[in-house]
Amino acid sequence: MTSIVNATTNPAVLDWPQTDEGFAVPYDVFTSPDVYAREQERIFRGENWSFVALEAEIPNSGDYKTTFIGDTPVVVTRDDEGGINVIQNRCAHRGALVCRELRGNAAHLECVYHQWAYDLKGKLLGVPFRRGVKGKGGMPKSFDLGAHGLDVLRTESLAGLVFATFSDEAPPLADYLGPTTVAAVTRIFNRPVAVLGDQRQFMHGNWKLYAENTRDPYHASLLHLFHNTFGLYRASQQGASVMDGDGRHSLLYTRASTTDEAVDREIYKDSRSLNSEFRLQDPSLLAGRADFDDDITLVILSIFPNVIVQQIANTLAVRQIVTHGEDGFELVWTHFGYADDDEEMRAIRIKQSNLIGPAGLISMEDGEAVEIVQKAVVRDRERASYIAMGGGRAEDAEHLVTEGAIIGFWEAYRQQMAAA
Amino acid sequence: MDSQALYHQISVLLSRYVHTIDDDELEAWPDLFTEQCVYRVISRENHARGMPVAAMYCDSRAMLIDRVVSLRHANIYEQQSYRHVVSALLVDDNEDGSYSARSNYVVYRTRTNGVTEVYNTGVYEDRIVTDNEGWRFAEKHVIFDTGRIDTLMVIPI
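These numbers come from a predicted model, not from an experiment. (Residues numbered from 1 in each chain as written. Chains lettered and ligands numbered in written order. Predicted model: local features only at pLDDT ≥ 70, side-chain atom pairs only at ≥ 80, totals over all residues.)

Colleague: Teacher, can you tell me more about the overall build of chain B here?
Modeller: Looking only at helices and strands, one finds 3 helices and 7 strands in chain B. Tracing chain B from N to C terminus, the helices and strands come up as α-β-α-β-α-β-β-β-β-β. A globule of 157 residues ought to have a C-alpha radius of gyration of about 15 Å, and chain B, at 15 Å, matches this closely. Here chain B holds 157 residues, and the buried ones make up 32% of them. (Helix = DSSP H or I, 4+ residues; strand = E, 2+ residues; numbered from the N terminus. Rg over C-alpha atoms; globule rule 2.2 N^0.38 Å. Buried ≥ 20, exposed ≤ 12 C-beta atoms within 10 Å, placed from the backbone.)

Colleague: Can you help me understand the overall build of chain A in this one?
Modeller: The secondary structure content of chain A amounts to 11 helices and 17 strands. Relative to the 2.2 N^0.38 estimate, which gives 22 Å for 420 residues, the radius of gyration of chain A is 24 Å and therefore close to what a compact globule would have. Based on the C-alpha atoms only, the size of chain A along its principal axes is roughly 90 × 75 × 35 Å. Relative to its full complement of 420 residues, chain A shows a buried share of 43%. Residue pairs in contact within chain A that sit at least 24 positions apart in sequence constitute 64% of those at least 6 positions apart. (Contact = placed C-beta atoms within 7 Å.)

Colleague: Please clarify how the interface of chain B and chain A should be interpreted in this entry.
Modeller: How big an interface is tends to be stated in terms of accessible area lost as the parts join. In this complex, chain B contributes 30 residues to the contact, which on the side of chain A involves 34 residues. At the level of elements, helix 2 (44–48), strand 2 (56–58), helix 3 (61–73) and strand 7 (148–150) of chain B are the ones that each hand at least two residues to the side of chain B that touches chain A. Considering every element that reaches the side of chain B that touches chain A, the biggest residue donor is helix 3 of chain B, with 7 residues. In terms of residue class, the side of chain B that touches chain A is made up of 18 nonpolar, 7 polar and 5 charged. As paired strands, strand 11 (residues 193–203) of chain A and strand 7 of chain B are joined by 3 bridges and run parallel to one another. Looking across to strand 7 of chain B, one finds that A:Arg200 is bridged to B:Arg148. (Nonpolar A, V, L, I, M, F, W, Y, C, P; charged D, E, K, R; others polar. Pairing = 2+ DSSP bridges.)

Colleague: What exactly am I supposed to notice about unusual backbone geometry here?
Modeller: Outside of glycine, negative phi angles account for most residues, and trans bonds account for most peptide bonds. In this structure, A:Pro305 follows A:Phe304 across a cis peptide bond, with omega equal to 0 degrees. When you line up the elements, A:Pro305 lands in the loop between strand 14 (296–303) and strand 15 (307–312). In this model, B:Asp24 sits at a positive phi of 60 degrees, which is unusual for a non-glycine residue. In this fold, B:Asp24 is placed in the loop between helix 1 (3–22) and strand 1 (33–43). We classify B:Asp24 as exposed; it has 11 C-beta atoms within 10 Å.

Colleague: Looking at this structure, how should I read the domain arrangement of chain A?
Modeller: Residues and elements named next belong to chain A. The domains assigned to chain A are domain 1 (50–156) and domain 2 (180–417). The gap between the C-alpha centroids of domain 1 and domain 2 is 35 Å. Counting residues at the interface gives 8 residues for domain 1, matched by 15 residues for domain 2. For the side of domain 1 that touches domain 2, the leading source of residues is strand 1 (residues 50–54), giving 3 residues. Residues of the side of domain 1 that touches domain 2, tallied by class, amount to 4 nonpolar, 2 polar and 2 charged. (Domains from an automatic or database assignment.)

Colleague: When you look at the sheet that holds strand 9 (residues 154–158) of chain A in this model, what are you seeing that I'm missing?
Modeller: As a general point, the strands of a sheet are linked pairwise by backbone hydrogen bonds and lie either parallel or antiparallel. Residue and element names in this part refer to chain A. In space, the 3 strands of this open sheet follow the order 1-10-9, with antiparallel pairing throughout. Because the sheet does not close on itself, it has two edges, and the strands there are strand 1 and strand 9. Averaged over all pairs of adjacent strands, the angle between their axes in this sheet comes to 30 degrees, without regard to strand direction. Of the strand pairs in this sheet, strand 1 and strand 10 (residues 161–165) are connected by 4 bridges, and their pairing is antiparallel. When the bridges of strand 10 are listed, alanine 53 appears paired with valine 162. (Axes fitted to C-alpha atoms, helices over the stretch in contact; angles between N-to-C directions.)

Colleague: What's the story with the sheet that holds strand 6 (residues 109–110) of chain A in this structure? I'm lost.
Modeller: Sheet architecture is open: 3 strands sit in the order 6-7-8 (chain A), paired in antiparallel fashion. Each having just a single partner strand, strand 6 and strand 8 (124–126) of chain A make up the two edges of the open sheet.

Colleague: Can you walk me through the nonpolar core in this structure?
Modeller: For soluble globular proteins, nonpolar side chains are generally found buried alongside one another. Residues and elements named next belong to chain A. In terms of nonpolar packing, the biggest core is built from 132 residues, with Val52, Val74, Val76, Tyr210 and Leu301 touching the most fellow members. Per-element accounting of this core gives the leading share, 7 residues, to helix 11 (residues 404–417). Aside from chain neighbours lying at most four places away, what touches tyrosine 210 is Met203, Ile321, Phe329, Leu331 and Val370. (Core = buried A, V, L, I, M, F, W, Y, C linked by C-beta atoms within 7 Å.)

Colleague: Help me understand the pairing of strand 5 (residues 116–131) of chain B, please; the structure alone is not making it clear to me.
Modeller: Residue and element names in this part refer to chain B. In this structure, strand 4 (residues 99–111) lies alongside strand 5, joined through 12 bridges in antiparallel fashion. Opposite alanine 101, over in strand 5, you have aspartate 126 as the bridge partner. Hairpin connection of strand 4 to strand 5: 4 residues between the antiparallel strands, including glycine 114 at a positive phi of 85 degrees. Connecting strand 5 to the antiparallel partner strand 6 (residues 134–144) that follows it, the hairpin turn spans 2 residues.

Colleague: What am I meant to see in the environment of A:Ala92 here?
Modeller: All names here are of chain A. Relative to the helices and strands, alanine 92 resides in the loop between strand 4 (84–88) and strand 5 (103–105). Counting along the chain gives 230 residues from alanine 92 to valine 322, while the straight-line C-alpha distance between them is 24 Å. Excluding residues that lie within four positions of it along the chain, alanine 92 makes contacts with Leu124, His148, Gly149 and Leu150.

Colleague: Would you take a moment to explain the environment of B:Ser15 for this structure?
Modeller: Residue position: B:Ser15 is located in helix 1. Residues B:Ser15 and B:Gly50, 35 residues apart in the sequence, show an inter-C-alpha distance of 30 Å.

Colleague: Can you walk me through the confidence of the model for chain B in this structure?
Modeller: Detailed reading of the predicted coordinates is not advisable wherever pLDDT falls low. When pLDDT is averaged along chain B, the result is 97, and 100% of the positions lie at 70 or above. What the predictor reports for the complex is a pTM of 0.94 with an ipTM of 0.96. (pLDDT = per-residue confidence, 0-100.)

See below:
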């Protein structure tokens, strides 16, 4: 007789269907709380580097910012020597949040519960009533401040982007990212940036639906209809989908046929197809200036597991994924320009911000895309998606009619989530 | 104009504004603004620290029209409607003959499942002018408390 309870059955270990053609993702991956819990250990606390901040968000000594890796709260601090520290936001005493504001400046970090105080590197400085009050109470004589600091994460920066990992085994950041990712990051972060503001967007769906979405050039011209509707698509555009880090990371980009600024400006402002029913009443929305020496006008760089670096026309932003259970996540958009932007350039970036973010004319639909999948994949946990555009393998493409980078993500994810 | 009549005129403009949106008559919404208007929907978080990025930022009536055309014909989103509640209106004269108005608002959103939720709250900081075309917004700054926008924002606040 077969035992009903199979000792090897772990609800967090997924059953990936084998397909002759294309790639299948079991829907359980989006709905299972067990899978979500395992991801927090394997992915977000595993041998990966998670994005936590731009250095430009905390320029001065004592500046700090609170954020999350997966759903674990962390604090990012700038210490007195100018160094960046990523510290788990949990008091060593009784587990309270030490920092409760989104951002601030402080000489040291102090838990409000019992005023345990830490320096900006997480070292415990002191605890109230350590030696008791009037000879009563107090900590044991053996109490060692040095043994009760905050948990400090491995931290590395690349060109002003701060990453952290819980893992001692994760490779150095640059190796983890890979040469293509490093080049794409340093292309955008080629000089000091200036933060222009944040936007926060909550999507009622699994975070991996957004990981798929940002590795998916197939949907771009089909779901996001702003450019098509106003006859603004550019026939000259070419694009590519390339991966790095064994498929974990994805770089999507498109290039214009010209790097001539005057021509580019002309195309952006006035290009419209003859049969387009609508035209922009105020084309200044799309008036821009070349930011780079190359002809790349759109970059969606998805770095596993939690950040997207983007350039869309003159909008520059990082989008950080913060997970909230298996069926929700927050997307934190941090918009930036360059510290040396002139007034006109700053105005261009602010106006073009209409294109991106939760109210973005060309990006808002992604919230809808995530949610219509999450709503539909309930219950039929053993069923799977079908991903085959471009050939159904994790391969780079010199075009945008592909889902190869989505498969690259899933293969990396599957490997990290596998048993043992 | 005596202050009571002024207060009344501006209340009426605000009421027309919210009814236009809540009744889904968005094509008439840009007409409530001057041609060279500013319409800005910005989080309190960004506004308070002097950061300029807004969810929506239009600096002409033509841009408002483009927003509406995009909403009707390009953008894809779940069917939804708003119900605005506006209160605590304060009105001031400006030296240039325009008026400043400040009011609180709450936007409830109802989606296809019939659930109504508090979608967005904040303050309207308006500069209002009047001429032979009537009372209109020269500037409308929507400073929202609800920093975490639920799903997306497509209908103006």
